[in-house]
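Listed below, chain by chain, are the residues.
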Amino acid sequence: TKIKSKLSFKFSEADKKPAIAVMIGAGSIILEFVLTMIAVLMWDKQHYTAITLGAMDYMYFITLGGISLFLAIAMWCGYSFSKFGTLALYIMVGTKVANSLAAYNAAVEQGLTELPAKFKGYNYITCGVFFILSFLVCFSIIVVFVVKEVNNYMYQKRYE
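Small disclaimer: the values here were computed from a predicted structure and weren't measured.

*Asks:* What exactly am I supposed to notice about the overall build of the protein chain here?
*Replies:* A tally of regular secondary structure across the protein chain gives 7 helices and 0 strands. Considering the protein chain as a whole, with its 160 residues, one finds that 36% of them fall into the buried category. Considering only contacts in the protein chain between residues 6 or more positions apart, those separated by 24 or more positions represent 80%. Taken as a whole, the protein chain presents about 9,700 Å² of accessible surface, with 68% of it coming from carbon and sulfur.

Following this line, the structure appears as structure tokens:
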């Protein structure tokens, strides 16, 4: 019930630096979700003839999307647990990226002179680019941890 008042984008001049850091952190959570979903859908398209969404795909989208939205709103509303929750989310995304790209390395290590069709073409390259972009966006959490005034700003925001 108090979220609406905390989602304002008005901040004082003294709070400009921590407010921008929190906005970068919350925005990067949403951007990471979008980039990861695009990459996962393109990865599935490489492995199957068409994108077929099963129950587990919907559960993955709902769970990752729900956690991402929850953490973004919690960060913007001033709950400091969201910093560590976001860090855990980013570690999970990093492992997803590593697992997805490990399939390519496994094919190369087997000494295949001709890579399977799923590892060829612009779709695979684009999928890899989106996975890498998703992973790079995860590094924006550093801004939230580095700016010292963020903890005070989030505390004030939570109790205003």
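Next, the rest of the story.
*Asks:* Help me understand the confidence of the model for the protein chain in this model?
*Replies:* Where the model shows low pLDDT, its predicted coordinates should not be examined in detail. Averaged over every residue, the pLDDT of the protein chain is 79; residues scoring 70 or more account for 77%. In the model of the protein chain, helix α1 (residues 3-6) stands out as the element of lowest mean pLDDT, 64, in contrast to helix α6 (residues 141-146), which has the highest, 89.

*Asks:* How should the environment of Gly 25 be read in this particular structure?
*Replies:* Residue placement: Gly 25 occurs in helix α2 (residues 16-47). Note on Gly 25: relative accessible area 0%, which makes it buried. Here Gly 25 is in contact with Met 75, Tyr 90 and Val 144, once residues within four sequence places are set aside.

*Asks:* Sorry if this is basic, but what is going on with the nonpolar core here?
*Replies:* Generally speaking, nonpolar side chains in soluble globular proteins are found buried as a group. Within the largest apolar cluster, 30 residues are counted, with the highest numbers of intra-cluster contacts made by Val 22, Ile 29, Met 75, Phe 131 and Val 150. For this core, the elements supplying multiple residues, two or more each, are α2, α3 (55-77), α4 (81-109), α5 (121-137), α6 and α7 (150-158). Here this core gets 10 residues from one element, more than from any other, and that element is α2. When near neighbours in sequence (up to four residues on either side) are disregarded, Met 75 contacts Val 22, Gly 25, Ala 26, Ile 29, Ser 82, Lys 83, Thr 86, Ile 141, Val 144 and Met 154.

*Asks:* Would you take a moment to explain α7 for this structure?
*Replies:* Given 3.6 residues to a turn, an α-helix orients residues that are three or four positions apart in the same direction. Looking only at α7, the buried set comprises Val 150, Tyr 153, Met 154 and Lys 157. With its buried residues spanning 95 degrees around the axis, α7 presents them on a single face.

*Asks:* Please explain a nonpolar patch on the surface as it appears in this structure.
*Replies:* A contiguous nonpolar patch, built from Tyr 122, Ile 125, Val 129, Ile 132, Leu 133, Phe 135, Leu 136, Phe 139, Ile 142 and Val 146 and spanning about 1,000 Å² of accessible area, is present on the exposed surface. Among the elements of the structure, α5 and α6 are those that each provide at least two residues to the nonpolar patch. Per-element accounting of the nonpolar patch gives the leading share, 7 residues, to α5. For Ile 132, the location among the structural elements is in helix α5.

*Asks:* Help me understand the packing of aromatic side chains, please; the structure alone is not making it clear to me.
*Replies:* Where two aromatic rings form a pair, the distance of their centres and the angle of their planes describe that pair. The full count for this structure, using the stated rule, is 5 aromatic pairs. For the pair Phe 135 and Phe 139, a centre-to-centre distance of 5.2 Å together with 80 degrees between the ring planes defines the contact as edge-to-face. For Phe 139, a relative accessible area of 44% gives the class partly exposed. Following the ring pairs from residue to residue traces out a cluster consisting of Phe 70, Tyr 79 and Phe 81.

*Asks:* Whenever I open this one, the side chain of Ser 82 confuses me. Can you help?
*Replies:* With respect to the element layout, Ser 82 can be found in helix α4. Each residue touching Ser 82, except ones within four places of it in the same chain, is listed here: Leu 71, Ala 74, Met 75 and Met 154.

*Asks:* Looking at this structure, how should I read the environment of Val 97?
*Replies:* Examined against the element boundaries, Val 97 turns out to sit in helix α4. In sequence terms Val 97 and Val 40 are 57 residues apart; their C-alpha atoms lie 9.3 Å from each other.

Cut-offs and rules
Residues numbered from 1 in each chain as written. Predicted model: local features only at pLDDT ≥ 70, side-chain atom pairs only at ≥ 80, totals over all residues. Heavy atoms only, no water. Helix = DSSP H or I, 4+ residues; strand = E, 2+ residues; numbered from the N terminus. Buried < 20%, exposed > 50% of the residue type's maximum accessible area, 1.4 Å probe, protein only. Contact = heavy atoms within 4.5 Å. Areas by Shrake-Rupley, 256 points an atom, 1.4 Å probe, with all protein chains shown as cover. pLDDT = per-residue confidence, 0-100. Core = buried A, V, L, I, M, F, W, Y, C linked by side-chain atoms within 4.5 Å. Arc of directions from axis to C-beta. Patch = residues over 30% accessible without salt bridge, like charges linked within 9 Å, V, L, I, M, F, W, Y side chains within 5 Å. Salt bridge = Lys/Arg side-chain N within 4 Å of Asp/Glu carboxyl O. Phe/Tyr/Trp six-rings, centres within 6.5 Å; stacked < 30°, edge-to-face > 60°.

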